[in-house]
Amino acid sequence: MHWETAHEYEDIRYEKASGIAKITINRPEVRNAFRPKTVSELIDAFNRVRDDSEVGVVILTGEGDLAFCSGGDQRVRGHGGYVGDDEIPRLNVLDLQRQIRMLPKAVIAAVAGYAIGGGHVLHLVCDLTIAAENARFGQTGPRVGSFDAGYGTGILARTIGMKRAKEIWFLCRQYDAHEAYDMGLVNKVVPVDRLQEEAVLWAQEILEKSPMAIRFLKASFNVDTDGLAGLQQMAGDATMMFYMTEEAREGKNAFLEKRQPDFSKFPRLP
Ligand code: S0N
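Looking at an unreviewed UniProt entry, one finds the protein chain named 1,4-dihydroxy-2-naphthoyl-CoA synthase, with Ferroacidibacillus organovorans as its source organism. In its Cofactor (unreviewed entry) section, UniProt records this for the protein chain: "hydrogencarbonate". Reading the Function (unreviewed entry) entry of the UniProt record for the protein chain gives the comment "Converts o-succinylbenzoyl-CoA (OSB-CoA) to 1,4-dihydroxy-2-naphthoyl-CoA (DHNA-CoA)."

Structure (structure tokens):
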């Protein structure tokens, strides 16, 4: 696979190849911890993915074999959030979590090394996770004075069950790739040197499928958890499809032609 840089960033890499976008958190010196700028760049890259009709699947990964992501950069954690160059504290990773879930394309996390804290939540909100043999998963919040009680707890409980989710948050243990697989936290475990290749294979299999079907299925998996926001996403998809029909076009054309619409020929199916 020949990856081409699709946009230049400081904290991440954004590459594309054959319908797949690869977004890499590139701060290996801090185990790919994110600062506000990292998250802003991730949000920008995911926006580009959304608007790019060539891209059908995203692989989210971390630079190097030691970490996928170690969560928020503790060196810049201030009062009320993580502080960037603008001196404003923020938790903008929450916006990123929602963006990944709302993206109408599949997102695969490729995890080597640590997926810890906010980094663990990031893999969790991805649709699928491929883990390297050396992957280690866990939450640290109650040990380092933080918690993510939104998707961090809710999606975890929905993914692996309430008891295991509480264990992970209350005890702050780490779990290896096979334990994660047994819990249903990851989809497959592969040797470290096969991780990226395996993620690409999964992406290619998804790319062979109907984009519209994948889009609706992804929305449907989130719709109850996300409440009205989830319904809005799915309803928006339905509207998009409706716009593509002759029936919807008749309404628009009638308005533009200043006449009454004639919907009589469109069937009321059972
Ligand atoms: C990842 C760990 C387990 C790796 O251990 P290892 O391999 O022994 O390496 P280290 O020597 O510990 O680390 C290497 C260098 O990397 C630095 N570093 C690692 N992680 C971070 C980090 N998160 N922030 C800043 N620096 C980090 C080390 O300091 C070391 O640097 P040098 O070489 O200079 O000494 C291990 O490193 C570890 O446990 N890391 C911390 C994990 C952690 O607690 N993460 C934060 C958890 N919290 C969040 O992620 C919050 C997320 C968030 O934004 C949020 C969202 C919603 C609601 C609330 C919050 C919230 O703020 O809580």
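Engineer: Before we move on, can you summarise the side chain of Asn32 with the specific residues and values?
Structural biologist: Looking at where Asn32 falls in the secondary structure, it is placed in the loop between strand E3 (20–25) and helix H1 (36–51). Residue contacts for Asn32: discarding those within four places in its chain leaves Ile25, Asn26, Arg27, Gly62, Glu63, Ala67, Phe68, Cys69 and Ser70.

Engineer: Quick rundown of the site of the ligand? Include the residues and the values.
Structural biologist: Near the ligand lie 24 residues; those nearest to it are Ser70, Gly72, Gly118, Thr140 and Ser146. One of the backbone nitrogen or oxygen atoms of Gln74 is found 2.9 Å away from a nitrogen atom of the ligand. A distance of 2.7 Å separates an oxygen atom of the ligand from a polar backbone atom of Gly118. Protein contact buries 66% of the 1,100 Å² of open area that the ligand shows by itself. Taken together, the elements giving at least two residues each to the shell around the ligand come down to helix H2 (93–102) and strand E10 (114–116). Considered class by class, the residues forming the shell around the ligand number 11 nonpolar, 9 polar and 4 charged.

Engineer: Describe the UniProt feature "binding site: hydrogencarbonate" (unreviewed entry) in the protein chain, with residues and values.
Structural biologist: Here, UniProt's "binding site: hydrogencarbonate" (unreviewed entry) annotation points to Gln139, Thr140 and Gly141. Cross-referencing the annotated residues with the lining of the second largest pocket gives Gln139, Thr140 and Gly141. With respect to the helices and strands, the residue Gln139 is situated in the loop between strand E12 (136–138) and helix H4 (141–144). In contact with Gln139, other than residues within four places in its own chain, are Gly117, His120, Val121, Ile168, Trp169, Cys172 and Arg173. Within the local environment of Gln139, its side chain forms a polar contact with the backbone oxygen of Gly117, the two atoms lying 3.2 Å apart. The residue Thr140 is located in the loop between E12 and H4 in this model. Setting aside residues no more than four positions away along its own chain, Thr140 makes contact with Ile116, Gly117 and Cys172.

Engineer: Give a detailed account of the sheet that holds E10, specifying residues and quantitative values.
Structural biologist: As summarised here, the arrangement of the 4 strands in space is E5-E10-E12-E13, forming an open sheet in which the pairing is mixed. Whereas interior strands pair on both sides, the edge strands pair on one side only; in this sheet they are strand E5 (67–69) and strand E13 (175–176). Sheet topology places E12 next to E13; 2 bridges connect them, and they run antiparallel. Each bridged residue has a counterpart across the sheet, and for Phe137 the counterpart in E13 is Tyr175. Running over the sheet, helix H3 (residues 118–125) touches E5, E10 and E12 and is turned about 95 degrees from E10.

Engineer: Got a sec to walk through the layout of surface pockets? Specific residues and values, please.
Structural biologist: The space that makes up the largest pocket amounts to roughly 640 Å³. Along the wall of the largest pocket there are 24 residues; nearest its centre are Cys126, Asp127, Leu128, Phe221 and Asn222. Broken down by secondary-structure element, the contributors of at least two residues to the lining of the largest pocket are H2, H3, strand E11 (128–132), helix H5 (151–160) and helix H9 (211–223). Per-element tally for the lining of the largest pocket: the top contributor is H9, with 5 residues. Split by residue class, the lining of the largest pocket holds 13 nonpolar, 7 polar and 4 charged. If you count residues domain by domain, the lining of the largest pocket takes at least three from each of domain 1 (4–208) and domain 2 (211–257).

Engineer: Give a description of the domain arrangement of the protein chain that names residues and reports values.
Structural biologist: According to the domain assignment, the protein chain consists of domain 1 (4–208) and domain 2 (211–257). Taken over C-alpha atoms, the centre of domain 1 sits 28 Å from the centre of domain 2. Facing the 13 residues of domain 1 at the interface are 9 residues of domain 2. When domain 1 packs against domain 2, close to 970 Å² is buried across both sides, 47% of that on carbon and sulfur atoms. When the buried surface of domain 1 facing domain 2 is broken down by residue, Arg101, Met102 and Pro104 rank first, second and third, together holding 58% of it. Where domain 1 touches domain 2, the interface holds 2 salt bridges. Its salt-bridge partner being Arg101, residue Asp226 comes within 3.2 Å of it at the nearest N-O pair.

Thresholds applied
- Residues numbered from 1 in each chain as written.
- Predicted model: local features only at pLDDT ≥ 70, side-chain atom pairs only at ≥ 80, totals over all residues.
- Heavy atoms only, no water.
- UniProt positions renumbered as here; feature names shortened; annotations may be inferred.
- Helix = DSSP H or I, 4+ residues; strand = E, 2+ residues; numbered from the N terminus.
- Contact = heavy atoms within 4.5 Å.
- Near = heavy atom within 4 Å.
- Polar contact = N/O pair within 3.5 Å; in protein donor to acceptor, adjacent residues only side chain to side chain.
- Areas by Shrake-Rupley, 256 points an atom, 1.4 Å probe, with all protein chains shown as cover.
- Nonpolar A, V, L, I, M, F, W, Y, C, P; charged D, E, K, R; others polar.
- 1 Å grid on protein atoms, 1.4 Å probe; cavity = no way out; pocket = protein on both sides within 12 Å on 5 of 7 lines; lining within 4 Å.
- Pairing = 2+ DSSP bridges.
- Axes fitted to C-alpha atoms, helices over the stretch in contact; angles between N-to-C directions.
- Points joined across faces, edges and corners; volume = space filled by probe spheres on them.
- Domains from an automatic or database assignment.
- Buried area = accessible area lost by both parts, 1.4 Å probe.
- Salt bridge = Lys/Arg side-chain N within 4 Å of Asp/Glu carboxyl O.

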